[in-house]
Each structure stands twice: as structure tokens, then as C-alpha cells.
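What follows is each chain in one-letter form.
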Amino acid sequence: MDYKFSIDEYNRPLAEFTMGHEAIGRWFSEELCGDKQRIETLLDIILQLEKNRITQHQLLGSEFQLRLNQDEIEVIALS
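Being a predicted model, the structure only gives us computed values, none of them experimental.

Novice: Sorry, what's going on with the pattern of salt bridges here?
Specialist: Note on pairing: side chains with opposite charge can pair once their charged atoms come close. This model, assessed by the stated rule, comprises five salt bridges. Measuring nitrogen to oxygen at the nearest pair gives 3.7 Å for the salt bridge that ties Arg26 to Glu63. With Arg26 in helix H1 (residues 22–32) and Glu63 in the loop between strand S3 (56–60) and strand S4 (64–69), this pair connects stretches of sequence that are 37 residues apart. Arg26 gets classed as partly exposed once you look at its relative accessible area, which sits at 40%. Overall, Glu63 belongs to the partly exposed group, its relative accessible area being 41%. Note that Glu74 is salt-bridged to Arg67, the shortest N-O span being 3.9 Å. Residue classification places Glu74 among the partly exposed positions, given a relative accessible area of 40%. With relative accessibility at 37%, the residue Arg67 sits in the partly exposed group. Each member of the salt-bridge network shares a partner with another, and the members are Arg26, Glu30 and Glu63.

Novice: I tried to follow the confidence of the model for the protein on my own but got confused; where do I start?
Specialist: Low pLDDT means the predicted coordinates in that region are not meant to be read closely. Here the protein averages 91 in pLDDT, while 100% of its residues score no lower than 70. By mean pLDDT, H1 is the weakest element of the protein at 88, and S3 is the strongest at 95.

Novice: Please explain a nonpolar patch on the surface as it appears in this structure.
Specialist: On the surface, a cluster of nonpolar side chains totalling about 390 Å² of accessible area is made up of Met1, Tyr3 and Phe5. Position of Tyr3 relative to the elements: it lies in strand S1 (residues 3–7). Judged by its relative accessible area of 53%, Tyr3 is exposed.

Novice: Whenever I open this one, the pairing of strand S2 (residues 13–17) confuses me. Can you help?
Specialist: For a regular strand, side-chain orientation follows a simple rule: the groups alternate between the two sheet faces. Here S1 pairs with S2 via five bridges, running antiparallel. Counterpart to Ser6 in the pairing with S2 is Leu14. Once S1 ends, the chain turns through five residues before running back antiparallel as S2, passing Asn11 with a positive phi of about 65°.

Novice: I tried to follow the packing of H1 against helix H2 (residues 36–50) on my own but got confused; where do I start?
Specialist: Helix packing geometry: the angle between the two helix axes and the distance between the axes. Direction vectors running N to C along H1 and H2 enclose 135°, while the axes themselves pass 10 Å from each other. By the criterion of interaxial angle, the relationship of H1 to H2 is oblique. Between H1, through Trp27, Phe28, Glu31 and Leu32, and H2, the contact on the second element is made entirely by Arg38, Ile39 and Leu42.

Scoring rules and cut-offs
Residues numbered from 1 in each chain as written. Predicted model: local features only at pLDDT ≥ 70, side-chain atom pairs only at ≥ 80, totals over all residues. Heavy atoms only, no water. Salt bridge = Lys/Arg side-chain N within 4 Å of Asp/Glu carboxyl O. Helix = DSSP H or I, 4+ residues; strand = E, 2+ residues; numbered from the N terminus. Buried < 20%, exposed > 50% of the residue type's maximum accessible area, 1.4 Å probe, protein only. pLDDT = per-residue confidence, 0-100. Patch = residues over 30% accessible without salt bridge, like charges linked within 9 Å, V, L, I, M, F, W, Y side chains within 5 Å. Areas by Shrake-Rupley, 256 points an atom, 1.4 Å probe, with all protein chains shown as cover. Pairing = 2+ DSSP bridges. Axes fitted to C-alpha atoms, helices over the stretch in contact; angles between N-to-C directions. Parallel < 35°, antiparallel > 145°, perpendicular 65-115°, else oblique. Contact = heavy atoms within 4.5 Å.

The structure is reproduced here in C-alpha cells:
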């Protein structure tokens, strides 16, 4: 999976992922969109998963839900 992080013309963070993983890029770009608190929360969740403190977690956004476990992540459209 290839990805690219950049800044768009409105100075907002933009995440682009290769075909088959576009939903992850949309989730990063639209749900996180520079929200430092939410980014810190996500990083903490990832750390907890890596250290086996939790086995799964779900983050509900306005358009997408992110499901994480110790092996994979899944982005689900809410509409």
C-alpha cells in the first residue's frame, strides 16, 4: 500500500492512498483534517493495540467509522 501525505490549496492536510485503500485516505483527510486532539487519540489507540492493552477499538466520525484491531483497520461509510 502506497500513500502520500500533503497539504491542499486551502492549507488542509491531505492523505492519498493507492487503489483499494482510498477510503483510508478519505478518512484521514476528512475525519482527522488537522484535528490535533483526534490525531493524538488515534495514536494512543494504536499504541494500546500494539502493546496488547486493548484488542479492538472503533472511532465514529461524521461520515465514516474506523474499526481497528491488532491486525488491521477497516473504514466503513456511514451513509
